[in-house]
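# Structural characterization, general
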Amino acid sequence: MNLNNLYRLSLRLMVALALVFVVFANASGTEDFLNDESYDDKAVGVKASDPLEPFNRAMFTFNDKVYVWVLDPVATGYSKVLPADIRQCVGNFFYNFGEPIRSVNFLLQGRFRDSGLTLSRFAINSIAGVFGLADPAADEFKIPRKKATFGQTLSVWGVGDGFYLVVPLLGSSTLRDFSGKMVETLATSSYYPWNDEAGTSVAVFSGQVVNDTSLRLGVYEDIKSMSFDPYVAFRNAYFQSRDKATDNVLVPNPNYDVNH
Amino acid sequence: MGMALSQSAASATPDPTEQFRPFLKKVTDILVDPQLKTIPKNEQGRKIISVVREHFDFREMSKRVLGQQWRELNAQEQGEFEDLFTQLLQYAYIGKIDDYSGQEVEFTLQRIKGERAEVQTLLVDKGKTIPVSYIMLLRGEQWMAYDVVIEGVSLVRNYMEQFKEILTKEGYTGLVEQIKEKISQIEKEQKKS
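Residues numbered from 1 in each chain as written. Chains lettered and ligands numbered in written order. Predicted model: local features only at pLDDT ≥ 70, side-chain atom pairs only at ≥ 80, totals over all residues. Heavy atoms only, no water.

Now for unusual backbone geometry. In this structure, K142(A) takes a positive phi of about 55° despite not being glycine. Within the secondary structure, K142(A) is located in the loop between α6 (136-139) and α7 (150-156). A residue is classified by how much of its surface remains accessible, and K142(A), at 60% relative accessible area, is exposed. The phi torsion at E151(B) lies on the positive side, around 50°, for a residue other than glycine. Relative to the helices and strands, E151(B) resides in the loop between β4 (142-150) and β5 (153-154). Residue classification places E151(B) among the partly exposed positions, given a relative accessible area of 32%. (Helix = DSSP H or I, 4+ residues; strand = E, 2+ residues; numbered from the N terminus. Buried < 20%, exposed > 50% of the residue type's maximum accessible area, 1.4 Å probe, protein only.)

Looking now at the packing of aromatic side chains. Residues and elements named next belong to chain A. The tally for this structure, following the rule as stated, stands at 24 aromatic pairs over all chains. Relative to F239, the ring of Y164 has its centre 5.6 Å away and its plane inclined at 50°; by these criteria the two rings are tilted. Of this pair, Y164 sits in strand β1 (residues 164-167) while F239 sits in helix α11 (residues 230-247); the two residues are 75 residues apart in sequence, bridging distant segments of the chain. Both residues of the pair, Y164 and F239, count as buried. Following the ring pairs from residue to residue traces out a cluster consisting of F60, Y67, Y164, Y220, Y231, F234, Y238 and F239. Here R145 stacks its cationic end above the ring of Y95, 3.9 Å away from the centre of that ring. (Phe/Tyr/Trp six-rings, centres within 6.5 Å; stacked < 30°, edge-to-face > 60°. Lys NZ or Arg CZ within 6 Å of the ring centre and 35° of its normal.)

Bringing the pattern of salt bridges into the picture now. Note on pairing: side chains with opposite charge can pair once their charged atoms come close. This structure, assessed with the given rule, holds 26 salt bridges over all chains. The partner of D229(A) in a salt bridge is R57(A), with the nearest N and O atoms 3.0 Å apart. Placement of the pair is D229(A) in the loop between α10 (219-226) and α11 and R57(A) in helix α2 (residues 53-81), with a sequence separation of 172 residues. Exposure remark for D229(A): the relative accessible area of 17% places this residue in the buried category. For R57(A), a relative accessible area of 26% translates into the label partly exposed. Here R176(A) and D177(A) are joined by a salt bridge, their closest N and O atoms 3.2 Å apart. R176(A) sits in the buried class, given a relative accessible area of 5%. Each of D50(A), E53(A), R57(A), D229(A), R235(A), E161(B), E165(B) and K169(B) takes part in salt bridges that share partners, so that together they form one network. (Salt bridge = Lys/Arg side-chain N within 4 Å of Asp/Glu carboxyl O.)

Right, here's the structure in full:
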């Protein structure tokens, strides 16, 4: 058995194991900031239970150290070597590779229009955007990026979060979202051109993480320095931004000139 | 479009975007003003806060961030907390002054729901765009913001959850102490840099 098979088998095992533990519950409704209920004491709080808090806190500290001692210096060095627009192109390239998966997820969620739009984004950006290095689909054709994950699909199907989970190196997640991520990793690895060897996949993944980090240097430190309990601050931010990303996508206002 | 027209014809509700466009311009103009860098850090923050106050309701923000606890405070305590929380925000964002280098603000969308409104903007920074939303309330003729939502994360709700934990564990006096401690901590860090 070679390394790649082992890697795939272990992924499959983890997915199967995770799904066994997934708790079924109703998907939570989305928030509207213009409703006062969304500011109620009861509404603000832990969305999913956090029974693993001691473990999660330990992982949070671990990830924090990795960020501060490894990722941040590497990404800072990288950002000094490559100008921002090139790093942006690299980011676009990776994002474009995820579009087919997003399209499938929209399909599984019954959002056929978004599925089609996402697929056309992939086609436009792969051809006119030179393998996805640029984003003419958003810039010229006004088709904005829309996020869809398998975790979201599971949520639409009624799978509850299970519990909050801080994954080593990957950060904030829930049992459901992490399982979804595993499924997505399996699915994308089937069409990535670098799927022939586990070592290459890891290198590509690391490259992607370093590149993403280089585009948001300082953000992590800012949130941390402004927080009273960074663990709670990041847990809260994870749930908030995830819920927001589900449906609230910006549509240009016809009444205002965007370029103004 | 038709709906927007009939809405503005039906009521005399002021347009939130029309109020926020010149307001944000005023704030960013101060940030790029070379004069600003010549005064001490502490003064810079105070100067910016005084302008930000024109369209930010720090009392409403403090009230929401405390939730249930706010109603249990007397008028004097409420005022003290408002000052403290405003000071915290002032110190938290003072460090950001140096980061601002004329990034563009694009107005993308607004929603009005009775006396509440949301103005969505995009902060364009080196090819990267950060969605920033202002949640506001109509006070007379003025739209006053009481929450800022950055990349889908509400500042008020994020602090609210953290404060809630502190309130449960250490009570209100514990929270006040922690905020004071945080302010002096940020103050020290800024003196160092």
